[in-house]
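So the chains spell out like this:
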Amino acid sequence: MMPGVVRLIDMVFPGDTNHHGTLFGGVALAHMDKVAFLAASRHGRAPFVTAASDRIDFAAPALKGELIEATGRVVRVGTRSLDVEVELVAEALLSGERRLCTRGRFTLVAREGGPLPALAPAQADPEGMLVMADMVFPPQTNHYGTLFGGDALRMLGKAAFIASTRDTRKVMVMAASERIDFTTPIREGEMIELAARVTMRGNRSQRVRVELWAEDLLSAERRRAASAEFVMVAT
Ligand SMILES: CC(=O)SCCNC(=O)CCNC(=O)[C@H](O)C(C)(C)COP(=O)(O)OP(=O)(O)OC[C@H]1O[C@@H](n2cnc3c(N)ncnc32)[C@H](O)[C@@H]1OP(=O)(O)O
């Protein structure tokens, strides 16, 4: 993934919609703020807080059952503050049609630490791989303060579903979950990266391998936390 650029991908499930069946604006803003925080932290490796956001126009809705992709890109670096440009795009899963729903610019400030590093050049994502970022908030943790296994499974399954549906543009359902290994716990406040790749294409079925990576946002230490393989079938 490009330095300073983070991509958060999620499905618009009913729990995130309003009574119109479209993504609730507050959820969209939360995704945008989260991706801005992750992009800032990856760039500055400092404890950031959101200081401000510019005007945000909601140009188009994201519908229930669509995928949303929030991309955060660091566009200005000051001494302790930086700006992240965030775009939120909706994608219809079967047609692949994409539409820009909203964009915004967020200013984040490092609460401590020296001058922030200068803007870095961009690099492309790995070919044929779906990479989705997220982070661990307190409601997803267990009593040890680490990511609850059930939430990890939900994320792994969602990544497999999105990778497979994007690959086929068909209605895919999960037919089986093969062996899943959890190798290290993921602590509250850590960044998560899900990397999904279609490894086998059958007639109507596919196998999708998903890796779950954890990253300490201050030290940049990364470790593979889980890996899984799913069988997805076109209905
Ligand atoms: C309701 C909520 O709380 S939402 C939750 C998320 N956000 C938060 O909790 C943040 C609450 N706000 C704060 O804690 C403070 O206002 C802070 C940390 C953002 C800034 O406070 P200070 O540390 O005193 O900032 P200070 O005036 O020294 O400025 C430091 C840098 O931030 C920038 N900055 C501070 N506030 C803002 C702002 N509102 N908009 C744009 N830039 C800002 C300054 O321009 C300066 O930039 P530079 O170092 O690149 O030149």
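Residues numbered from 1 in each chain as written. Predicted model: local features only at pLDDT ≥ 70, side-chain atom pairs only at ≥ 80, totals over all residues. Heavy atoms only, no water.

**Q** Any chance you could explain the site of the ligand here in plain terms?
**A** Around the ligand, the structure places Val49, Thr50, Ala51, Ala52, Gly78, Thr79, Arg80, Ser81, Thr107 and Val109. At a separation of 2.8 Å, an oxygen atom of the ligand approaches a polar backbone atom of Thr79. Ser81 is positioned such that a nitrogen or oxygen atom in its side chain is 2.7 Å from an oxygen atom of the ligand. Isolated, the ligand exposes 1000 Å² of accessible area, and the fraction of that covered by the protein chains is 37%. Contributing elements (two or more residues each) for the shell around the ligand: strand E2 (48–53) and strand E6 (98–110). Ranked by residues supplied to the shell around the ligand, first place goes to E2 with four residues. (Near = heavy atom within 4 Å. Polar contact = N/O pair within 3.5 Å; in protein donor to acceptor, adjacent residues only side chain to side chain. Areas by Shrake-Rupley, 256 points an atom, 1.4 Å probe, with all protein chains shown as cover. Helix = DSSP H or I, 4+ residues; strand = E, 2+ residues; numbered from the N terminus.)

**Q** When you look at the pattern of salt bridges in this model, what are you seeing that I'm missing?
**A** As a working rule, side chains carrying opposite charge can pair if their charged atoms are close by. Under the defined criterion, the tally for this structure stands at 30 salt bridges. Here Glu190 and Arg187 are joined by a salt bridge, their closest N and O atoms 2.8 Å apart. For Glu190, a relative accessible area of 3% gives the class buried. Taking relative accessible area as the criterion, Arg187 reaches 40% and is therefore assigned partly exposed. (Salt bridge = Lys/Arg side-chain N within 4 Å of Asp/Glu carboxyl O. Buried < 20%, exposed > 50% of the residue type's maximum accessible area, 1.4 Å probe, protein only.)

**Q** I'm lost on the domain arrangement of the chain in this one. Help?
**A** Often the size quoted for an interface is simply the accessible area lost on bringing the parts together. For the chain, the domain assignment lists domain 1 (5–110) and domain 2 (130–234). Each partner contributes to the interface: domain 1 provides 24 residues, whereas domain 2 provides 24 residues. Summed over both sides, the interface of domain 1 with domain 2 buries roughly 1900 Å², with 61% coming from carbon and sulfur. Applying the counting criterion to the domain 1 and domain 2 interface returns eight salt bridges. Across the pair Glu91 and Arg169 runs a salt bridge whose closest N-O atoms are separated by 2.9 Å. Counting across the interface, domain 1 meets domain 2 through 11 residue pairs in polar contact (both at pLDDT 80 or more). (Domains from an automatic or database assignment. Contact = heavy atoms within 4.5 Å. Buried area = accessible area lost by both parts, 1.4 Å probe.)

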